[in-house]
Amino acid sequence: MLLLIVCGSGAVLAQDKQNMFNPVNTSVTSLAIAPDARAGSMGDIGAGTEADIYSQYWNPAKYPFNVARAGVGISYTPWLRKLVNDINLANLTGFYRIGNYSAVHASLRYFSLGDVYLADMDDMTIRPYEMAIDAGYSRMLSETFSMAVNLRFILSDIKYDYTAESSAGKAFAADIALYRLGYFMMANRECSFGWGVNISNIGSKISYGGSDNSEFIPTNLRIGFNFTVPFNEYNKFSLGMDINKLLVPTYPMKKEDEADEDYEERVQKDYYDVSSIAGIFKSFGDAPNGFKEEMEEIQWSIGAEYTYNDRFMLRAGYHHEAANKGNRKYFTVGAGFHMSVFTVDAAYVFSTAQSNPLDQTMRFSLGFDLDGMRDLFGKMRRR
């Protein structure tokens, strides 16, 4: 009987260890927030979907396939509204196609953490923030395939220690992206299938000064697929999917009967002393509970979009993340309206995980088609 109890307790402890909450940690987490309402209403997918103004974040290689010659987008996302009311993300994105085969593009994102009151710092109120500015170039290598590269500067001023040794964190990073868009006939209709790959934020680690170790930025692998079927001249339907994995090592867990000093030395050697590039390769095989936990580090999203006459869009999606890796599970819905000059999009999040701070998050995007604006001004002059 005693043996049975001991074995049973061991099984419970082993099961608890496997289900332990152990997300992949990174700094500058605001870089992982989707900036636009179109992708945000489709479960946060965008690597393989049709090109739009906000392709800079999801897959910049899509820009040469954009119908418009140039465009500018502005978006605003109130964040964690169930917790506070002054955290938000603002984003400005633009692109310009050069000829028929290439494009240049850039974006600026600013994440504000609102007012933070520090009682132990002479009643000081600070406004921590994170921002990133990037620019890139994309080019079609064939009629169906393109590549792109982005360069990014990251600034994170979220320090609460105002000693002489502390400072805002700075980092440099790059994105490498691929995109393919092909057409085929099905039931006498010309359908399209696109896929894309974007490895983003490949770059340096970030440090806030002092004696702290440098932290990993959210290097990320995103692979997406999208299938579009036109029902007739006015109606079409798209279905897409993204899979997503942070290319950052998992923070080591303390082993049973491991001394605190030994554990700290192992964390220093196996985590903080690992370079950002080595960390990319290490991230595919370092989960404490093996292959099962590695697979749980993969997030996936599905999304759908119905379009009427290229003017009105309805969208829905779902995003899934394993419970012990963050537990971000939510449905999204949204709509968009497109005119010759501008596009308005909105998205809303319904969380399926209990007490999820992402619940009831709203996103807004406004895009301007510079070709449409030029045509509009031309008509006004002729009048």
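From a predicted model like this one, the values you see are computed outputs, not experimental measurements. (Residues numbered from 1 in each chain as written. Predicted model: local features only at pLDDT ≥ 70, side-chain atom pairs only at ≥ 80, totals over all residues. Heavy atoms only, no water.)

Engineer: Mind showing me how you'd approach the overall build of the protein here?
Structural biologist: Within the protein one finds 7 helices and 16 strands. The burial tally for the protein puts 49% of its 383 residues in the buried class. For the protein, the share of sequence-separated contacts (at least 6 apart) that also reach a separation of at least 24 residues comes to 59%. Carbon and sulfur atoms make up 62% of the accessible area of the protein, which totals about 19,500 Å². (Helix = DSSP H or I, 4+ residues; strand = E, 2+ residues; numbered from the N terminus. Buried < 20%, exposed > 50% of the residue type's maximum accessible area, 1.4 Å probe, protein only. Contact = heavy atoms within 4.5 Å. Areas by Shrake-Rupley, 256 points an atom, 1.4 Å probe, with all protein chains shown as cover.)

Engineer: I'm lost on helix H4 (residues 260–272) in this one. Help?
Structural biologist: Every α-helix carries 3.6 residues per turn, so stepping three or four residues along brings you back to the same face. If you check which residues of H4 are buried, you get Tyr-263, Arg-266, Val-267, Tyr-271 and Tyr-272. Viewed end-on, H4 has its buried residues packed into an arc of 160°, placing them on one side of the element. Projecting away from the buried face of H4 at angles above 90 degrees are the exposed residues Glu-261 and Lys-269. (Arc of directions from axis to C-beta.)

Engineer: So what exactly am I meant to see when it comes to the confidence of the model for the protein here?
Structural biologist: Looking at the protein, the pLDDT average stands at 87 and 87% of residues meet or exceed 70. Per-residue pLDDT stays below 50 along residues 1–15; that stretch engages in 0 contacts with residues further than four places along the chain or on separate chains. (pLDDT = per-residue confidence, 0-100.)

Engineer: Help me understand the pairing of strand E14 (residues 330–338), please; the structure alone is not making it clear to me.
Structural biologist: Where strand E13 (residues 312–320) lies against E14, 8 bridges are found, and the strand directions are antiparallel. Looking at the pairing, Tyr-318 lines up with Phe-331 of E14. Of the strand pairs in this sheet, E14 and strand E15 (residues 342–351) are connected by 9 bridges, and their pairing is antiparallel. Residue pairing across strands places Phe-337 opposite Val-344, the latter belonging to E15. The loop that links E14 with its antiparallel partner E15 comprises 3 residues. (Pairing = 2+ DSSP bridges.)

Engineer: When you look at unusual backbone geometry in this model, what are you seeing that I'm missing?
Structural biologist: Negative phi characterises most residues that are not glycine, and trans characterises most peptide bonds. In this structure, Val-28 takes a positive phi of about 45° despite not being glycine. Inspection of the secondary structure assignment puts Val-28 in the loop between helix H1 (2–18) and helix H2 (37–40). Judged by relative accessible area, Val-28 falls into the buried class, the value being 3%. Non-glycine residue Asp-310 carries a positive phi angle of around 55°. Here Asp-310 lies in the loop between strand E12 (298–308) and E13.

Engineer: Even after reading the chapter, I still don't get the pattern of salt bridges, so can you show me in this structure?
Structural biologist: Between side chains of opposite charge, a pair can form as their charged atoms come close. Taken as a whole, this structure holds 18 salt bridges when the rule is applied. Arg-266 is the salt-bridge partner of Glu-258, the closest N and O atoms lying 3.0 Å from each other. When salt bridges that share partners are traced, they join Arg-38, Asp-52, Glu-305, Arg-315 and Asp-345 into one network. (Salt bridge = Lys/Arg side-chain N within 4 Å of Asp/Glu carboxyl O.)

Engineer: How should I be thinking about the packing of aromatic side chains in this particular structure?
Structural biologist: Here the distance between the centres and the angle between the planes together describe a pair of aromatic rings. The final tally for this structure, using the stated rule, is 16 aromatic pairs. Seen from their ring centres, Phe-216 and Tyr-271 are 5.3 Å apart, and the 65° between their planes marks the pair as edge-to-face. Note that Phe-216 is positioned in the loop between strand E9 (189–203) and strand E10 (220–230) and Tyr-271 in helix H4, a separation of 55 residues in sequence. The exposure class of Tyr-271 is buried, given its relative accessible area of 2%. Look at Tyr-318 and Phe-331: their rings are 4.7 Å apart centre to centre, the planes differ by 45°, and that puts the pair in the tilted class. Of this pair, Tyr-318 sits in strand E13 while Phe-331 sits in strand E14, placing them 13 residues apart in sequence. Phe-331 sits in the partly exposed class, given a relative accessible area of 43%. (Phe/Tyr/Trp six-rings, centres within 6.5 Å; stacked < 30°, edge-to-face > 60°.)

Engineer: Hey, could you run me through the environment of Ala-106 in this one?
Structural biologist: As for its position among the elements, Ala-106 is in strand E3 (residues 102–112). Sequence separation of Ala-106 and Tyr-137 is 31 residues, and the distance between their C-alpha atoms is 8.9 Å. Discounting chain neighbours no more than four positions away, the residues touching Ala-106 are Gln-56, Leu-92, Thr-93, Gly-94, Asp-134 and Ala-135.

Engineer: Help me understand the environment of Leu-80 in this model?
Structural biologist: With respect to the element layout, Leu-80 can be found in the loop between strand E1 (70–78) and strand E2 (88–98). Separated by 279 residues in sequence, Leu-80 and Asp-359 have C-alpha atoms that sit 7.8 Å apart. Not counting chain neighbours up to four residues away, the residues in contact with Leu-80 comprise Ile-87, Pro-357 and Leu-358.

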